[in-house]
Amino acid sequence: MSRYEFKFGQYTTNVNFYSLEDIIPGNGSLFVADENTSYLIPKELMDKTIILKSGEENKTWESIEAILNKAIELELGRDGLFVGVGGGVICDMTAFAASLFMRGCSVTLVPTTLLAMCDAALGGKTGIDFKNYKNLVGAFYPATELRIGVDTLKTLGKREFLSGMGEVFKTAMIGDKSLLTYLKNKKDSILALDKESLEYMINSCIKVKGEIVEADLYERGIRAHLNLGHTFGHALETVTGFKDFSHGEGVVWGIAKSIETSLLLNIIDEDYAKKVIDLLKEYKYRLKADVDAVEILSAMKHDKKKKGGVIRFILQTAPQETIIREVPEDIILKVVRT
Ligand SMILES: NC(=O)c1ccc[n+]([C@@H]2O[C@H](COP(=O)([O-])OP(=O)(O)OC[C@H]3O[C@@H](n4cnc5c(N)ncnc54)[C@H](O)[C@@H]3O)[C@@H](O)[C@H]2O)c1
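Scope of this entry: the structure provided in the associated data block.

1. Some remarks on the nonpolar core
Stage number 1. Phe82, Met165, Leu183 and Ile202 are the most contacted members of the largest nonpolar core, which totals 83 residues.
Stage number 2. Lining this core are residues from two domains, each supplying at least three of them: domain 1 (4-156) and domain 2 (187-195 + 199-337).
Stage number 3. For methionine 165, the residues in contact, after removing those within four places along its chain, are Leu114, Leu183, Ile190, Met201, Tyr283 and Tyr285.
Stage number 4. Counting residues in each nonpolar core, the second largest holds 22 residues, with Phe232, Met300, Ile331 and Val336 among its members.

See the structure below:
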């Protein structure tokens with residue numbers, strides 16, 4: 001049964017939940033996995049499978065070429081169905097390759113990280129990193145179906161899982177305050193990977209993200225709210241050389257810093273601010289980073305220069321009340337230093 005059917009412009013994306021046995025669609029014509037997710041592909045489909053090296057460093061044009069070569073080797077036509085089985089990297093690349101093959105064939109995604117289930121696989125952004133720029137080359141190409149199997153998360157490392165939780169907190173804050181309460185009350189069962197709790201949590205995130213993307217496909221307005229915590233977070237990842245903090249850990253730090261910014265600007269409900277910070281502490285995230293505030297600010301400026309604009313921050317005034325605004329530099333420096 002379809003849990004959701006989203007309309008993203010001319011595209012329709014169905015989202016369904018599956019058990020591990022049924023997670024891989026038998027009608028796929030080409031399967032893309034990486035070293036850590038290929039175990040999910042049944043043996044009889046291995047001839048149709050390309051296994052890529054895992055990790056962001058392989059989110060490259062060479063990987064796209066390898067997928068396209070496999071499609072040619074399998075003599076696929078425009079009616080081919082590409083199936084991506086993996087985290088955000090595999091999902092982004094499989095959908096991008098599908099958008100290119102014969103000017104666009106169908107794509108189904110089987111996200112296997114929490115981040116990909118809650119965020120990356122839904123909404124049509126696809127692509128690769130290029131010349132050291134993240135996601136510089138890509139296309140807008142939503143999957144026809146997302147097949148979610150929470151049991152795939154059992155093999156995911158704990159750090160990767162908690163990294164994905166960063167996007168879950170963000171989603172709850174911008175779009176579902178009852179999910180925030182759920183995250184507090186069900187912390188132990190979520191961390192124990194209880195199936196029912198995970199399905200509830202992921203389902204809630206998909207609903208929020210799907211509705212935001214439906215309302216603002218090309219990020220002209222509220223889709224930007226999904227970047228809550230990311231301006232601070234990306235700068236932290238950059239300054240710490242992409243080693244010390246994972247993407248999700250950076251986002252969580254960024255969420256905390258955006259809350260502190262709102263507190264300094266005196267625009268946020270103080271009880272709400274405390275509730276979020278306490279919750280992040282309960283999940284044992286690092287909310288302090290030993291970094292140079294000036295370096296963080298210049299990383300933000302550099303990032304913005306690339307995108308051609310001034311730095312605008314996604315901030316909150318209350319749960320589900322999100323705004324976008326510029327912030328004076330002295331406030332940013334002060335917040336990073338605390
Ligand atoms: N398209 C979008 O809207 C969007 C949104 C957010 C992020 N992204 C992209 O997503 C990517 C990050 O995604 P990610 O965090 O999933 O990283 P990832 O795809 O690199 O996966 C992280 C690691 O977990 C491994 N893995 C995946 N599933 C596993 C499983 N079930 N068991 C064991 N190991 C498993 C992978 O092999 C990899 O080593 C970035 O490239 C980012 O740009 C895209």
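After that view, the rundown keeps rolling.
2. Remarks on the packing of helix 4 (residues 158-175) against helix 7 (residues 195-215)
Stage number 1. Packing of helix 4 against helix 7 leaves a shortest axis separation of 10 Å and a crossing angle of 55°. One finds that helix 4 runs oblique with respect to helix 7. By crossing handedness, the relation of helix 4 to helix 7 is classed as left-handed. Taking contact as the criterion, the partners of Phe161, Met165, Val168, Thr171, Ile174 and Gly175 in helix 4 are, on helix 7, Leu198, Met201, Cys205, Val208 and Ile212.
Stage number 2. The residue inventory of the contact of helix 4 with helix 7, partitioned by class, reads nine nonpolar, two polar and no charged.

3. What to know about the layout of surface pockets
Stage number 1. Approximately 150 Å³ is the volume found for the second largest pocket.
Stage number 2. Along the walls of the second largest pocket sit eleven residues, with Lys301, Val310, Ile311, Val327 and Glu329 positioned nearest its centre.
Stage number 3. Among the secondary structure elements, those contributing two or more residues to the lining of the second largest pocket are helix 11 (293-307) and helix 12 (329-337).
Stage number 4. Its residues assigned to classes, the lining of the second largest pocket shows six nonpolar, one polar and four charged.

4. Comments concerning the side chain of glutamate 249
Stage number 1. Structurally, the position occupied by glutamate 249 is in helix 9 (residues 247-264).
Stage number 2. Residue class for glutamate 249 comes out buried when judged on its relative accessible area of 15%.
Stage number 3. Setting aside chain neighbours within four positions, we find glutamate 249 in contact with Arg159, Ser163, Asp244 and Arg286.

5. Digging into the pairing of strand 10 (residues 313-318)
Stage number 1. Taking burial as the measure, the six residues of strand 10 include five buried ones, the bulk of the element.
Stage number 2. Relative to strand 11 (residues 321-325), strand 10 is paired through five bridges, and the arrangement is antiparallel. The partner of isoleucine 314 across the bridge, within strand 11, is isoleucine 324.
Stage number 3. Where strand 10 folds back onto strand 11 in an antiparallel hairpin, the turn is made up of two residues, including glutamine 320, whose phi is positive at roughly 60°.

About the criteria used
Residues numbered from 1 in each chain as written. Predicted model: local features only at pLDDT ≥ 70, side-chain atom pairs only at ≥ 80, totals over all residues. Heavy atoms only, no water. Core = buried A, V, L, I, M, F, W, Y, C linked by side-chain atoms within 4.5 Å. Buried < 20%, exposed > 50% of the residue type's maximum accessible area, 1.4 Å probe, protein only. Domains from an automatic or database assignment. Contact = heavy atoms within 4.5 Å. Axes fitted to C-alpha atoms, helices over the stretch in contact; angles between N-to-C directions. Helix = DSSP H or I, 4+ residues; strand = E, 2+ residues; numbered from the N terminus. Parallel < 35°, antiparallel > 145°, perpendicular 65-115°, else oblique. Left-handed = near helix turned anticlockwise from the far one by under 90°. Nonpolar A, V, L, I, M, F, W, Y, C, P; charged D, E, K, R; others polar. 1 Å grid on protein atoms, 1.4 Å probe; cavity = no way out; pocket = protein on both sides within 12 Å on 5 of 7 lines; lining within 4 Å. Points joined across faces, edges and corners; volume = space filled by probe spheres on them. Pairing = 2+ DSSP bridges.

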